[in-house]
Amino acid sequence: MKKILTASTNPVVISTVESACKTYAAYFSAEVFGATEPVIAYINYEIPEIKVLDYTSQEIRCDEILDVIKGDAWLHYGGIIAVCANSRQVETLEELKDNNMIAIVTVQNFKTHFSRILRILWQNQQFLFNRGMQDIIGGQETGSFTCGNDPMDIRFYVNFLVSYLYNTNRISGDDRFKLQMTLMEFLTNALEHGNLGITYEDKTRWLSSGRDILNLIASRNADPKYRERRIHISYSIGKSKSYFKIRDDGDGFDWRKFIEKNGAEDEGEKFHGRGISLGMDLVQRVSYNEKGNEVSFELPTIRNKVNTVPGIMEPFATIDFKNKDVICRENEMSNDLFFIVSGRYAVYAGKKLAAVLTPNDMFIGEMAFLLNDRRTATVLAVGDCRLIKIPKTAFLTLIRKNPHYGIFLSKMLALRLQRQTKALVEAQKKLAEFENLNGEII
């Protein structure tokens, strides 16, 4: 079960959260606080993945809470849902471009959509709850989800996916912007022109008359011909590139014609119509299927780049290593802890490769550190690497001053043990199947 921290004194916000948590009682529970200090204490000690910050509650200093979260991005993973008094405040928070915020909504939209947001979060929790807990070692991660014809759903899915890739060190800050823009453009096209059949000319006339495009979308969504259509999003994150595909349930369009049209000036261009060419400028290998209801593109993937260094670790020595340099040796007496800033590290136990660590693993040497024992493995640098060396006595002092670091380390180790246990169970299952098959053959 995931805890939802709610910082609010607004009865509408509180009742909305509590009602939604009752609907998803098996998955979420609400923790409500009406003052700043208890919120900060709860964040530091419980490390909740979902935080609801109500900017309409004057008793709560949301900016101060946000500063605490931003000040230790390494620790406070997950996401923030910000609740605002009006659309102007929404725009102000959006301008902050805060990576922690996965949704910024007015009170009315929060009341209307929060239950649906929780459903989306639970269905796609791997994006939210694995910040800093990944064990993806050179593999390929794939997934997909389906969304309806609601612009808010589209925006939420885009922010969700882009933040996940950015926060797990797969894309740079520049590529984060490129992916955000490209997904929004292509998904908007899939919604408006694909599923809802809004033509380029329809949209131009509507916008030129000063009307809101959301009203046209709502009108088309009410039509039985369109309302059951869906948008299908899939992704594949590999070693050197990430691949994305967006497909709608519409009739398709002549994308060749629009590629040519986007290259020329016309009167409608000031209202819209730059989506295809913009996408082609920002990402790689943009292509459409023949029908025109599916678009795919690629974006370079960075690996083992950099971890955000916690501020309290900055005083300690940063050490650079070259390829095949020894970090520590098996059986040596040393219980220093290493924080992984960048690079990959090969772990050998008994001269056999046991694992490869990356910035997503956070630490090297935590077993000897916790057990006050000899090193259980030899660790070598793979390529250029960077670590922060933390003496045990110094880190224990840090934990005494900041107990939430100990909680985070325990949580990280528990999840690592959970993964190892699951892998062992799967291996034992396959071994049993093999032995049964071998017995039948004999």
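Calculation notes
- Residues numbered from 1 in each chain as written.
- Predicted model: local features only at pLDDT ≥ 70, side-chain atom pairs only at ≥ 80, totals over all residues.
- Heavy atoms only, no water.
- Pairing = 2+ DSSP bridges.
- Helix = DSSP H or I, 4+ residues; strand = E, 2+ residues; numbered from the N terminus.
- Axes fitted to C-alpha atoms, helices over the stretch in contact; angles between N-to-C directions.
- Contact = heavy atoms within 4.5 Å.
- Phe/Tyr/Trp six-rings, centres within 6.5 Å; stacked < 30°, edge-to-face > 60°.
- Buried < 20%, exposed > 50% of the residue type's maximum accessible area, 1.4 Å probe, protein only.
- Lys NZ or Arg CZ within 6 Å of the ring centre and 35° of its normal.
- Salt bridge = Lys/Arg side-chain N within 4 Å of Asp/Glu carboxyl O.

Caption draft 1: View of the sheet that holds strand β1 (residues 2–7). With respect to topology, 5 strands assemble into an open sheet ordered β2-β1-β3-β4-β5, the strand pairing being parallel. Edge positions in the sheet fall to β2 (28–33) and β5 (101–106), since each has one partner strand and no second. Each adjacent strand pair in this sheet contributes to an overall mean axis angle of 20 degrees, direction not counted. Sheet analysis places strand β3 (residues 50–54) next to strand β4 (residues 79–84), joined by 5 bridges and oriented parallel. Its bridge partner being in β4, leucine 53 is matched across the sheet by alanine 82. Seen against the sheet, helix α1 (residues 11–23) touches β1, β2, β3 and β4 and runs at an angle of roughly 160 degrees to β2. Along the sheet, helix α3 (residues 62–70) contacts β1, β3, β4 and β5; its crossing angle with β3, the most-contacted strand, is approximately 155 degrees.

Caption draft 2: Representation of the packing of aromatic side chains within the structure. Counted according to the given criterion, the structure contains 7 aromatic pairs. Ring centres of phenylalanine 110 and phenylalanine 114 lie 4.6 Å apart, and the angle between their planes is 35 degrees; on these two criteria the pair is classed as tilted. Residue phenylalanine 110 and its partner phenylalanine 114 are located together in helix α5 (residues 107–123), separated by 4 residues, close to a single helical turn. You'll find phenylalanine 110 and phenylalanine 114 in the same group, each marked buried. Pairwise contacts between aromatic rings join Phe186, Phe244 and Phe297 into one cluster. In this structure, arginine 211 packs its charged tip against the face of tryptophan 206, placed 3.8 Å from the ring centre.

Caption draft 3: Representation of the pattern of salt bridges. As enumerated under the stated definition, the model contains 15 salt bridges in all. In this structure, glutamate 37 engages arginine 61 in a salt bridge whose closest nitrogen and oxygen atoms are separated by 2.7 Å. On the criterion of sequence distance, the pair formed by glutamate 37 in helix α2 (residues 36–46) and arginine 61 in the loop between β3 and α3 is long-range, its members being 24 residues apart. What makes arginine 61 partly exposed here is its relative accessible area of 38%. Measuring nitrogen to oxygen at the nearest pair gives 2.6 Å for the salt bridge that ties glutamate 64 to arginine 61. Overlapping salt bridges, with partners in common, bring together Glu37, Arg61 and Glu64 in one network.

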